[in-house]
Every structure is written in C-alpha cells, then in structure tokens.
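Each chain is listed here by its residues.
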Amino acid sequence: MTVAANDTALAEETFAGHPKGLFNLFFTEMWERFSYYGMRAILVLYMVAAVSDGGLALTNKEAGQIYGLYTMAVYLSALAGGFIGDKVFGARRAVLLGGIIIAFGHFTIAFASTITLFIGMVLIVLGTGLLKPNMATIVGALYKPGDMRRDAGFSIFYMGVNVGAMFAPLVCGYLAQGEEFKAWLSSVGISPHVSWHFGFAAAGIGMVIGLIVFVTQARLLGTAGLKTKAAPAAVVETSTTAEFLSRDEWRRLGAIAVLFVFNILFWAIYEQGGSSLNIFASKCVDNTIFGWSFPSTWLQTFQAGFIVLFAPVISMVWLKLGDKQPTAPTKFAIGIVLLGLGISLMVPASMLAAQGKVSPLWLIGVFLFECLGELCLSPVGLSTVTKLAPARFASLTMGAWYLSISIGNYTAGSLSGLFDEKNPSGMTTLFGSMAVSALVATVLMALLVPMVKKLMGNIK
Ligand code: GLN
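The model shown is predicted, which means the values in this text are computed figures rather than measured ones.

Criteria and cut-off values
- Residues numbered from 1 in each chain as written.
- Predicted model: local features only at pLDDT ≥ 70, side-chain atom pairs only at ≥ 80, totals over all residues.
- Heavy atoms only, no water.
- Helix = DSSP H or I, 4+ residues; strand = E, 2+ residues; numbered from the N terminus.
- Rg over C-alpha atoms; globule rule 2.2 N^0.38 Å.
- Buried < 20%, exposed > 50% of the residue type's maximum accessible area, 1.4 Å probe, protein only.
- Contact = heavy atoms within 4.5 Å.
- Areas by Shrake-Rupley, 256 points an atom, 1.4 Å probe, with all protein chains shown as cover.
- Salt bridge = Lys/Arg side-chain N within 4 Å of Asp/Glu carboxyl O.
- Patch = residues over 30% accessible without salt bridge, like charges linked within 9 Å, V, L, I, M, F, W, Y side chains within 5 Å.
- Disulfide = S-S within 2.5 Å.
- Axes fitted to C-alpha atoms, helices over the stretch in contact; angles between N-to-C directions.
- Left-handed = near helix turned anticlockwise from the far one by under 90°.
- Nonpolar A, V, L, I, M, F, W, Y, C, P; charged D, E, K, R; others polar.
- Near = heavy atom within 4 Å.
- Polar contact = N/O pair within 3.5 Å; in protein donor to acceptor, adjacent residues only side chain to side chain.
- Phe/Tyr/Trp six-rings, centres within 6.5 Å; stacked < 30°, edge-to-face > 60°.
- Lys NZ or Arg CZ within 6 Å of the ring centre and 35° of its normal.
- Core = buried A, V, L, I, M, F, W, Y, C linked by side-chain atoms within 4.5 Å.
- Expected span 1.5 Å × (residues − 1).
- Bend = angle between axes of the 7 residues up to and from the residue.

## Focus: the overall build of the protein chain
Helices and strands together make up the secondary structure of the protein chain, namely 17 helices and four strands. Its C-alpha radius of gyration of 22 Å places the protein chain within 12% of the 23 Å reference for a compact globule of 460 residues. Its C-alpha atoms put the protein chain at 65 × 55 × 40 Å along the principal axes. Counting every position in the protein chain, which comprises 460 residues, the buried fraction comes to 52%. Put simply, of all contacts in the protein chain between residues at least 6 apart along the chain, 81% involve residues at least 24 apart. When the accessible area of the protein chain is evaluated, it comes to approximately 20,300 Å², of which 71% is carbon and sulfur surface.

## What to know about the pattern of salt bridges
For the structure shown, the criterion picks out five salt bridges. For arginine 40, the salt bridge goes to glutamate 271, with nearest N and O atoms at 3.2 Å. You can see arginine 40 sitting in helix H2 (residues 21-48) and its partner glutamate 271 sitting in the loop between helix H10 (247-270) and helix H11 (276-284), a full 231 residues away along the chain. Of the two residues, arginine 40 and glutamate 271, neither departs from the other in class, the shared state being buried.

## A short note on a nonpolar patch on the surface
On the surface, Phe107, Ile205, Val208, Ile209 and Ile212 cluster together into a nonpolar patch covering about 370 Å² of accessible area. In terms of residues, the nonpolar patch owes the most to one element, helix H8 (residues 195-216), which gives four residues. Its location among the elements puts isoleucine 212 in helix H8. Here isoleucine 212 falls in the partly exposed class, since its relative accessible area comes to 48%.

## Considerations on the state of the cysteines
Summed over the entire model, instances satisfying the criterion amount to zero disulfides. Free cysteine: cysteine 371, not disulfide-bonded; nearest cysteine sulfur from cysteine 376 at 9.4 Å. In this structure cysteine 371 comes out as buried when scored by relative accessible area, which is 1%. According to the relative accessible area criterion, cysteine 376 is buried, its value standing at 4%.

## Description of the packing of H2 against helix H6 (residues 150-177)
At a closest axis distance of 6 Å, the pairing of H2 and H6 adopts a crossing angle of 40 degrees. Seen from above, H2 lies across H6 with right-handed handedness. Residues of the contact of H2 with H6, tallied by class, amount to 21 nonpolar, six polar and two charged.

## Description of the site of the ligand
Within the structure, the ligand sits among Arg33, Tyr37, Tyr75, Lys132, Tyr158, Val161, Trp267, Glu374 and Ile405. Within the contact set of the ligand, an oxygen atom lies 2.7 Å away from a side-chain nitrogen or oxygen of arginine 33. In this structure, tyrosine 37 approaches the ligand through a side-chain N or O atom, which is 2.6 Å from an oxygen atom. Contact with the protein chains removes 93% of the 290 Å² of surface that the ligand exposes when unbound. Each residue belonging to the shell around the ligand can be placed in one class, and the counts come to six nonpolar, no polar and three charged.

## Description of the packing of aromatic side chains
Across all of its chains, the model carries 20 aromatic pairs by this definition. When the centroid spacing of 6.5 Å and the interplanar angle of 25 degrees are considered together, the rings of tyrosine 36 and tyrosine 70 count as stacked. Placement of tyrosine 36 in helix H2 and of tyrosine 70 in helix H3 (residues 60-89) is noted, with a sequence separation of 34 residues between them. Taking the relative accessible area as the measure of exposure, tyrosine 36 reaches 3% and is therefore buried. Judged by relative accessible area, which is 5%, tyrosine 70 ranks as buried. The rings of Tyr174, Trp292, Phe294 and Trp298 are connected pair by pair, giving a single aromatic cluster. A cation sits over an aromatic face here: lysine 331 above tryptophan 318, 4.1 Å from the ring centre.

## Regarding the nonpolar core
With 103 residues, the main nonpolar core has Tyr70, Phe280, Met346, Leu363 and Trp401 as its most contacted residues. Those residues in contact with tryptophan 401 that sit more than four places away from it in its chain are Ile256, Leu259, Phe260, Asn263, Phe332, Gly381, Leu382 and Val385. If you look at the next biggest cluster of nonpolar residues, it comprises 18 residues, including Ala91, Ile138, Val139 and Leu142.

## Re helix H17 (residues 424-456)
Between its first and last C-alpha atoms H17 spans 44 Å; for 33 residues at 1.5 Å apiece the expected length is 48 Å, and the two agree. The largest bend along H17 measures about 45 degrees and falls at valine 449, with the proline proline 450 one to four residues further on. Backbone geometry just downstream of H17 places glycine 457 in the positive-phi region, at approximately 65 degrees.

## Observations concerning unusual backbone geometry
In this model, alanine 57 sits at a positive phi of 55 degrees, which is unusual for a non-glycine residue. Looking at the element boundaries, alanine 57 is found in the loop between H2 and H3. Judged by relative accessible area, which is 44%, alanine 57 ranks as partly exposed. Even without a glycine there, the phi angle at phenylalanine 290 is positive, about 50 degrees. According to the relative accessible area criterion, phenylalanine 290 is exposed, its value standing at 84%.

## Focus: the side chain of asparagine 162
When you line up the elements, asparagine 162 lands in helix H6. Classification of asparagine 162 as buried rests on a relative accessible area of 6%. A distance of 3.0 Å separates a polar side-chain atom of asparagine 162 from the backbone oxygen of tyrosine 158. Excluding anything up to four places from it in sequence, asparagine 162 contacts Ala304, Ile307 and Val308.

## Remarks on the side chain of glutamate 249
Tracing the backbone shows glutamate 249 in helix H10. Not counting residues within four places of it along the chain, the set of residues in contact with glutamate 249 comprises Phe244, Pro390 and Arg392.

## Section: the environment of glycine 120
Tracing the backbone through its elements, the reader meets glycine 120 in helix H5 (residues 114-141). Each C-alpha atom, one on glycine 120 and one on isoleucine 101, is 9.3 Å from the other, the two residues being 19 residues apart in sequence. Residues within four places of glycine 120 in sequence aside, it is in contact with Gly105, Thr108 and Ile109.

Below, the structure is given as structure tokens:
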C-alpha cells in the first residue's frame, strides 16, 4: 500500500478534534464487534437447542466447554496476531486479512451442520486474532507520542466496540429467534429451523460492511499501520551488558501479576453473559412486553448498551476527581465488588425461577452492575499494563494480559457447563458461589492495594 502526498495531508485533517482516521477505525471495529457479539449472542443457544428446533442438542456442559474453548482461543490468538502484524504484514494488512477470514468464518456457519460450525469457529478465531490487536495498534499510530488526545481517542474507539456489541443481539438474535421472522420463513417455503443460520449470516454481512468501510476510507488513515522499514540497528540496539530487567521493572511486573489473577476471575464471571445467563434468559425469563414475546438474546443488548451510556459518565468522574481519583488497584477492587453485586442478583432470581418465569429486570440489573464494574476494571487494566510494562517488552506484556482474559473466558465456559436450568437450587449454588468468590476477591484485592501501590512505584 502506498500513500500519496495528498493522502498524508488528508490524514492530518481532524473531525471533532481527532484525526479523521479514527472514524474509519470506529466504524470498522463497530461492525467487526457486531459480527463477534452477534454470533456470541446465539452460539450457545443454537448448540443446546433441540434438533427439532434446528439446534445441535448438545448438553449445557458440552456447549459451555465449546464456548469456553472458542472465546479462550479468540483472545489467545490475539497474541500471535499482534506479533504477525508487527513483524510480518504490518497492522493494516493484518486487519484486512483478518476481516476477510472472519467474514468467511461467519458465512461458513451460515450453512447448517456441525462441521461447518467448527470450521467457521476456527476461521473466526484466526481472523479475530489478526484483526483485534492490530486495530488497536492503528488507533495508537494515529497519535504522535505525547499527544494528549490519545486516551480520549481510545475511549471513542471503545464506544465503537460497544455500539456494535449493542446492536448485534438485536439483529442476529431476531433472525435466529424472532417468531415473526420464523413465520415469514415458513410462508416462503423455508424451514423455520434454519433461522439460526440467518443470524450467523447477518454476523458475516456485518463484517463485510466493516471491511468496506476500512478499505474505502483507508486514505483517512494516512500511513498509520503501514509496514515500516526496519529501523537502523543502532536505533534498536540496547546495551548488551545491561541487566535483563531492572529491580524496578521486576517490581512493576509483580504489580501486573497481581492484577492478572484478579482479571481472570473478573472475566470468568462476566462471560456468563453469553453462556449460562444466555440460557437462563431463554428458558427462565418471561420475555414478553405488552403481550409481545421478544427474542431472549435481546437482553444481551443491555450488557454493551450500559457501557455506551455510562462510559462518558465514568470518565467524567475520573477527570473531576483528578489527583484524588482511586489508584488502579483500588479501581480493580471496585470493579470486582460491582461484578459480585451484579451476579449476586442471580441468587434470588434463581430461587424465583423455581416457581416460574422471572422478570427480565433481574438480568438487566445484573448487567447494569457488571458494566459499571467493567468500566472500573477493563480500560484501567489495559492502560495500567501499558504504563507498567518495560518499554522493550510492551507487546509481550500486553499479550500476557490478553492471556489472562483468555483464561478467564475458558473458566467462564467451564463454570457455565455446571448450569442446569432444570435445577433451581443448583443454579442458586452456582451463582451464589460466584458472588461469594467475587466478594472474597474484593477483600483480598483491597488488602493487597498498599502492596501493589508500592510495587507500582511512582506510576499512578
Ligand atoms: N468488550 C470488549 C471487546 O469486545 C472487551 C472484552 C475483553 O477485553 N474481554 O472488545
């Protein structure tokens, strides 16, 4: 890819104070996340649905394991994807190739069979691994070092993520589960049991729209993310006599290691959203409003919707608090306690489920607390890692961070395998144990705050 002089000038133009390229990346990521969360919204439900309903009739345990392995692999492959973007293709080509592979993945699953499901999932894992870390790299490359707009740019980008995640369950969930859509399929002579695959195909179309935005608006990006020639050896070479890591660097890595453990726990509980809570929504919740029954997957819209709503509020709170704002480990403790409060709502909800379908407000309440927790923990984790990582191991450390998310996702799948909607007391124990673990973890994290602060040194 080459960039003409007038394109470089274009890349310097701004919109709302940010490089115009950010708006390319905002919409590309929005559509990619639409495809990811659209598929996530229906995946587990499709796997556990009866064959007579077009599903695979897997048990909750099998579906949970597959969900866990799949979401684990998505984040794990980002490790290799970041490396390939850095060293082989350059971030821009990696995103393009990743997006194409993702779209093929979704379209493969649009064909109804177990084998196409697994091939499609492998393609999505590979494509997302290429695309996701390299998108973030291009966002970063839009800003010169020291540019004060960088953090705000990442916040806008994170909004793109969640706008996509918010609309995806509405569209893909409706196609997969909507009664009117199924009736329409029957009326045109198509079996309503294949409705799931229209949902998966819609996810693929979302990715294609994202690719169209990325390619047609590429000029806005200027040179950001293009493969650069290797820097002269003198620039990259550091003294070979220098120690591997200084004492301070080891201490900062120690701080990251503590946060790493709590990050695993956070995502293990949070990701019940696409697995056990998703099954709960479809089997145990009264999904009717004014007599109209809506697809249960629509409840997932709240998970991302609350982020879109509250992200600006939380960032304003931090700005207002300025120097007085809590430090990263304290924000982690706040994030985990909010998550614990959220999942604890599932205890009374599960008890009530023994008597019949429960109000959707229970799940909406869970998602509200969880999203406030996510806002205290997820962006804070990312930015703290970038601040604490030794500069020459920045990508590797970020990769390790994604590893903790990956382990969290796997654990989430395994835990959700224990979910059984026919056993309300088992559900109560499962969600109750998650709530207790989160609350115990909050106390532990709070006790560790002084130590982590010490390890972080003068970095806030
Ligand atoms: N919801 C965010 C995304 O999909 C973050 C997920 C995560 O870090 N586990 O990009």
